[in-house]
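# Residue-level structural notes
One-letter residues, chain by chain:
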Amino acid sequence: MAALTQGDNLDPEKQTLLNQHKEKHFTAGEIVRDIIIGVSDGLTVPFALAAGLSGANATSSIVLTAGIAEVAAGAISMGLGGYLAAKSEADHYAIELMREKEEINSVPDTEAAEVAEILAHYGIEPHEYGPVVSALRKKPQAWLDFMMKFELGLEKPDPRRALHSALTIAIAYVLGGFVPLSPYMFIPRAEDAVVASVILTLAALLVFGFAKGYFTGNKPFKSALQTVLIGAIASAAAYGMAKAVHP
């Protein structure tokens, strides 16, 4: 059910219908996107690094040390990237909001004509959208919200979005990164640990790919196979290059 943010006087009968009707929409898209970004890179990059170092005949302790350092650096870098991206979106919204507010105040007739044009695109006739335009002109905040959403296609961002995005991506990266590194914590020989790492990470990529496909509306099995393939290619390339340089 959509939230009524403007305190509109909705017809009681319609309000009752809305209260009784509970829509089941997936509303955690941004969080899932951040988790996908973090886990995807967290599984793949340390996996390729560990495979490459194993191919260079490094010991498990060296692989683990380098892997942990990479996970820490990667989590900070990815988290900062998520923060800056979300902050840029919020800054862009604020700039456009001020610009649209100024236009409503300085050229209200032009902005009203734009409202009419937007409604006309939906097939609404002039005699039907006329009262809507007049009603919006009497409510500046509702008018501003309408223009931001329907003219510019911008939704008001959550002010905490940047910090949440940074933390979500960073934590997801760390959790994903320790999957390919965990065998090196318990298996002294890197040659044996890399085999366990490959099996464990490919299984994790398979599960992650399936979940990613399920939550994003894509084909889960296809997504799982694609994710595993990308991880396998990355690790195989790193291992092969390390073997070629350091046979």
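Note that the structure is a prediction, hence the values are computed from the model and not measured. (Residues numbered from 1 in each chain as written. Predicted model: local features only at pLDDT ≥ 70, side-chain atom pairs only at ≥ 80, totals over all residues. Heavy atoms only, no water.)

## Describing a nonpolar patch on the surface
A grouping of Leu80, Tyr83, Leu84, Leu163, Leu167, Ile171 and Leu175 is seen on the molecular surface, where their side chains present a nonpolar patch of about 690 Å² in accessible area. Within the residue set of the nonpolar patch, elements represented by two or more residues are α3 (60–106) and α7 (161–186). Inspection of the secondary structure assignment puts Leu167 in helix α7. (Patch = residues over 30% accessible without salt bridge, like charges linked within 9 Å, V, L, I, M, F, W, Y side chains within 5 Å. Areas by Shrake-Rupley, 256 points an atom, 1.4 Å probe, with all protein chains shown as cover. Salt bridge = Lys/Arg side-chain N within 4 Å of Asp/Glu carboxyl O. Helix = DSSP H or I, 4+ residues; strand = E, 2+ residues; numbered from the N terminus.)

## Quick notes on the packing of aromatic side chains
Applying the stated criterion to the full structure yields two aromatic pairs. Relative to Phe221, the ring of Phe210 lies with its centre 5.2 Å away and its plane at 75 degrees, an arrangement referred to as edge-to-face. One end of the pair, Phe210, is in helix α8 (residues 190–216); the other, Phe221, is in helix α9 (residues 220–245), and eleven residues separate them in sequence. (Phe/Tyr/Trp six-rings, centres within 6.5 Å; stacked < 30°, edge-to-face > 60°.)

## Focus on the nonpolar core
Val115, Leu119, Val133, Leu136, Trp143, Phe146 and Met147 are the most contacted members of the largest nonpolar core, which has 17 residues in total. Contributing elements (two or more residues each) for this core: α3, α4 (108–121), α5 (126–137) and α6 (140–151). No other element matches the six residues that α6 contributes to this core. Residue contacts for Leu136: discarding those within four places in its chain leaves Val115, Ala142, Trp143 and Phe146. (Core = buried A, V, L, I, M, F, W, Y, C linked by side-chain atoms within 4.5 Å. Buried < 20%, exposed > 50% of the residue type's maximum accessible area, 1.4 Å probe, protein only. Contact = heavy atoms within 4.5 Å.)

## A short note on the side chain of Arg161
Tracing the backbone shows Arg161 in helix α7. At 2.7 Å, the side chain of Arg161 forms a polar contact with the side chain of Asp34. The contact partners of Arg161, leaving out residues within four places of it in the chain, are Glu30, Ile31, Arg33, Asp34 and Ala86. (Polar contact = N/O pair within 3.5 Å; in protein donor to acceptor, adjacent residues only side chain to side chain.)

## Description of the packing of α4 against α6
Each pair of packed helices can be described by the angle between their axes along with the distance between the axes. Contact geometry of α4 with α6 gives a least axis separation of 11 Å together with a crossing angle of 50 degrees. Viewed along their axes, α4 and α6 adopt a mutual orientation that is oblique. For the element pair α4 and α6, the recorded crossing hand is left-handed. Residues Pro108, Glu111, Ala112, Glu114, Val115, Ile118 and Leu119 of α4 touch α6, and the partners they reach there are Trp143, Phe146, Met147, Phe150 and Glu151. A breakdown of the residues in the contact of α4 with α6 according to their chemical character gives nine nonpolar, no polar and three charged. (Axes fitted to C-alpha atoms, helices over the stretch in contact; angles between N-to-C directions. Parallel < 35°, antiparallel > 145°, perpendicular 65-115°, else oblique. Left-handed = near helix turned anticlockwise from the far one by under 90°. Nonpolar A, V, L, I, M, F, W, Y, C, P; charged D, E, K, R; others polar.)

## Side note on the side chain of Glu114
Looking at the element boundaries, Glu114 is found in helix α4. Buried charged residue Glu114 carries no salt bridge. Nearest counter-charge: Arg99, at 11 Å. (Lys, Arg positive; Asp, Glu negative; His and termini not counted.)

## Thoughts on the UniProt feature "transmembrane region" (unreviewed entry) in the chain
As recorded in UniProt, the sites labelled "transmembrane region" (unreviewed entry) are residues 166–187, 193–211 and 223–242. Annotated as 95% helix and 0% strand, the span residues 166–187 places its first and last C-alpha atoms 33 Å apart. With 100% helix and 0% strand, residues 193–211 has end C-alpha atoms that lie 27 Å from one another. (UniProt positions renumbered as here; feature names shortened; annotations may be inferred.)

## Observations regarding the packing of helix α2 (residues 29–55) against α3
Two elements in contact, α2 and α3, have axes whose closest approach is 10 Å; the angle formed by their N-to-C orientations is 150 degrees. Our classification of the angle between α2 and α3 gives roughly antiparallel. Between α2 and α3 the crossing geometry is right-handed. For the pair formed by α2 and α3, the contact residues are Ile37, Asp41, Val45, Pro46, Leu49, Ala50, Leu53 and Ser54 on the first element and Ile62, Val63, Ala66, Gly67, Glu70, Val71 and Met78 on the second. For the contact of α2 with α3, the class distribution of residues is eleven nonpolar, two polar and two charged.

## Comments concerning the environment of Glu89
Along the polypeptide, Glu89 turns up in helix α3. Residue classification places Glu89 among the partly exposed positions, given a relative accessible area of 43%. Between the alpha carbons of Glu89 and Arg161 there is a distance of 9.7 Å; along the sequence they are 72 residues apart.

## So, α5
Along its twelve residues, α5 runs 16 Å from first to last C-alpha, staying within 8% of the 16 Å computed at 1.5 Å per residue. Looking at α5, one finds that the buried residues are Tyr129, Val133 and Leu136. Projected down its long axis, α5 carries its buried residues within an arc of 65 degrees, all on one side. Facing away from the buried side of α5 by more than 90 degrees, the exposed set consists of His127 and Pro131. Where α5 is buried, its residues touch α4 and α6. (Expected span 1.5 Å × (residues − 1). Arc of directions from axis to C-beta.)

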